[in-house]
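Results of the structural survey
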Amino acid sequence: DVAKAIEDVKRGKVEYREDDCPVANDLFDRNIAVWLDSWYSPEDCADIAVGIAAAFSARAVLNFASQSVKAYNQQAQAEQGLLVALKGRRDVQQALIEQASELQGKTLFGDEVTLEAQKQLAVFGLTKRQILELIPLIQDFATSQRMDLAQAANLVGKAIGSGTNALSRYGIELDTSASKTDKVAQLVDGLTTKFKGQAEAMAAVGSGPMQQASNAAGDLAEQFGKLISVNTAGFFKSLTNDLLSMN
């Protein structure tokens, strides 16, 4: 019956044999592995097909929910890490979150990746204005050099916060004895001259538009994941306390 078909599909116990029933070839074309054995009658085929579709749809929903929670967790942790690096300055955090979101629509960098780069600069004590000014140029630099964005931001931070020029190998000149403010100004000039426009240009060609669409879809998944996480947080906190009390 249909209930047995659904349960067998969910448990992964059903195998495929072509031409077992009128829906078999359609299932085969869609790479769905199902074996419709002697427990069905030919008249049941339509109902069985509905049951199979329902089972696979439920699995797809569960997979999407799981991926959405992971996406939200990654975003939430990136935002929280930035806030900690900013010493709790929520007003600055919000401005940087807005920049990350805006740049996602123009480049290939997801906002959570940009948040991590912003955190790297915040760790080196840069101000909101300095971070906002440098991040688009660091995206250009990372794109041009095919470099991880957080790694690129870390190099820039080290060049500003130390007595060495970590960017000299990339042709960026810097007076290592200058003040932090002057170093930022020099890096803005150097990065602008060598790399400006790279990130947006790459987003406009090849698979760039597809990646941007994927990033946008990821934002929707994050919102769904947030809904799940927020509504189940109390349950899991309670469960954790109960488990700890058993130790």
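Throughout what follows, the structure given in this document is the object of discussion. (Residues numbered from 1 in each chain as written. Predicted model: local features only at pLDDT ≥ 70, side-chain atom pairs only at ≥ 80, totals over all residues. Heavy atoms only, no water.)

**Structural notes on the overall build of the chain**
Stated precisely, the cut-off is as follows: Numbering of helices and strands runs from the N terminus, with a helix taken as a DSSP run of H or I at least four residues long and a strand as a DSSP run of E at least two residues long. Relative accessibility thresholds used throughout: buried, under 20% of the residue-type maximum; exposed, over 50%; partly exposed, between the two (1.4 Å probe, protein chains only). Pairs of residues are marked as contacts when any of their non-hydrogen atoms sit within 4.5 Å. Areas reported as accessible are Shrake-Rupley estimates using a 1.4 Å probe. Residue values count occlusion only from the protein chains shown.
Scanning the chain from N- to C-terminus turns up 10 helices and 0 strands. Mapped in sequence order, the helices and strands of the chain form the string α-α-α-α-α-α-α-α-α-α. Within the chain, the fraction of its 247 residues that count as buried is 36%. When contacts within the chain are restricted to residue pairs at least 6 apart in sequence, those whose partners lie at least 24 apart make up 55%. Surface accessibility of the chain: about 14,100 Å² in total, with carbon and sulfur atoms responsible for 54%.

**Concerning the side chain of serine 68**
With respect to the helices and strands, serine 68 occurs in helix α3 (residues 45–85). Once you skip the residues sitting within four places of it in the chain, serine 68 turns out to touch Ala221, Glu222, Phe224 and Gly225.

**Looking at the packing of helix α5 (residues 111–123) against helix α6 (residues 128–145)**
Rule in force here: Note on method: axes are straight lines fitted to C-alpha atoms, helices fitted across the in-contact stretch only, with angles between N-to-C directions ranging 0 to 180 degrees. To sort the angles, those under 35 degrees are grouped as roughly parallel, those over 145 as roughly antiparallel, those from 65 to 115 as roughly perpendicular, and the leftovers as oblique. Crossing handedness: left-handed means the near helix sits turned counterclockwise from the far one by under a right angle, and right-handed means the same turn made clockwise. Ten residues, namely Ala, Val, Leu, Ile, Met, Phe, Trp, Tyr, Cys and Pro, are considered nonpolar, four, namely Asp, Glu, Lys and Arg, are considered charged, and the remaining ones, Gly among them, are considered polar.
At a minimum axis distance of 10 Å, the contact between α5 and α6 shows a crossing angle of 125 degrees. Taken together, α5 and α6 sit at an angle that is classed as oblique. Of the two elements, α5 crosses α6, and the hand of that crossing is right-handed. For the pair α5 and α6, the contacting residues are Thr114, Ala117, Gln118, Leu121 and Ala122 in the first and Ile131, Leu134, Ile135, Ile138 and Gln139 in the second. Of the residues in the contact of α5 with α6, the class split is 7 nonpolar, 3 polar and no charged.

**Here we look at the layout of surface pockets**
Empty pockets left among the atoms are what a rolling probe the size of a water molecule brings to light. Note the following rule: Think of a 1 Å grid over the protein atoms and nothing else: a 1.4 Å probe that fits but is trapped marks a cavity, an open set flanked by protein within 12 Å on at least five of seven lines marks a pocket, and residues with an atom within 4 Å of a point count as lining. Grid points are joined across faces, edges and corners, and a volume is the space filled by probe spheres set on the points.
By volume, the largest pocket amounts to about 270 Å³. In this structure, the largest pocket is lined by 14 residues; those nearest its centre are Tyr72, Gln75, Glu79, Gln223 and Lys226. Listing elements by their share of the lining of the largest pocket, those giving two or more residues are α3, α4 (90–104) and α10 (208–245). Counting residues per element, the lining of the largest pocket draws most heavily on α3, which supplies 5 residues. Of the residues assigned to the lining of the largest pocket, the class counts are 3 nonpolar, 5 polar and 6 charged.

**Considerations on the packing of aromatic side chains**
Operational definition: Between 30 and 60 degrees the pair is tilted, below 30 it is stacked and above 60 it is edge-to-face, where a pair is any two Phe, Tyr or Trp rings, Trp via its six-membered ring, whose centres lie within 6.5 Å.
This structure, assessed with the given rule, holds 2 aromatic pairs. An angle of 80 degrees between the planes, with centres 5.1 Å apart, marks the rings of phenylalanine 141 and tyrosine 170 as edge-to-face. Of the two residues, phenylalanine 141 sits in helix α6 while tyrosine 170 sits in the loop between α7 (149–161) and α8 (180–195), which places them 29 residues apart along the sequence. The residues phenylalanine 141 and tyrosine 170 share a single accessibility class, namely buried. The interplanar angle of 50 degrees and the centroid separation of 5.2 Å between the aromatic rings of phenylalanine 141 and phenylalanine 195 together place this pair among those described as tilted. Within this pair, whereas phenylalanine 141 is found in helix α6, its partner phenylalanine 195 is found in helix α8, the two being separated by 54 residues in sequence. On the basis of relative accessible area, phenylalanine 195 is assigned to the buried category, the value being 6%. Aromatic rings pair up to connect Phe141, Tyr170 and Phe195 into one cluster.

**Quick notes on the nonpolar core**
Stated precisely, the cut-off is as follows: Only buried Ala, Val, Leu, Ile, Met, Phe, Trp, Tyr and Cys residues count toward a nonpolar core, and they belong to the same one when joined by side-chain atoms within 4.5 Å.
By size, the foremost hydrophobic cluster in this structure holds 40 residues, and its most contacted members are Leu121, Leu134, Ile138, Phe141, Val156, Leu167 and Leu187. What valine 156 contacts, discounting residues up to four positions off in sequence, is Leu121, Leu134, Ile138, Leu167 and Leu187.

**Focus: α4**
What counts is decided by this rule: To estimate the expected span of a helix, count its residues, drop one, and scale the result by 1.5 Å. Note: the arc covers the axis-to-C-beta directions of the helix.
If you check α4, its first and last C-alpha atoms are 21 Å apart, about what 15 residues at 1.5 Å a residue would give, namely 21 Å. Where α4 is concerned, the buried positions are Val92, Gln93, Leu96, Ile97, Gln99, Ala100, Leu103 and Gln104. Along the long axis of α4, the arc covered by the buried residues comes to 160 degrees, so they all point the same way.

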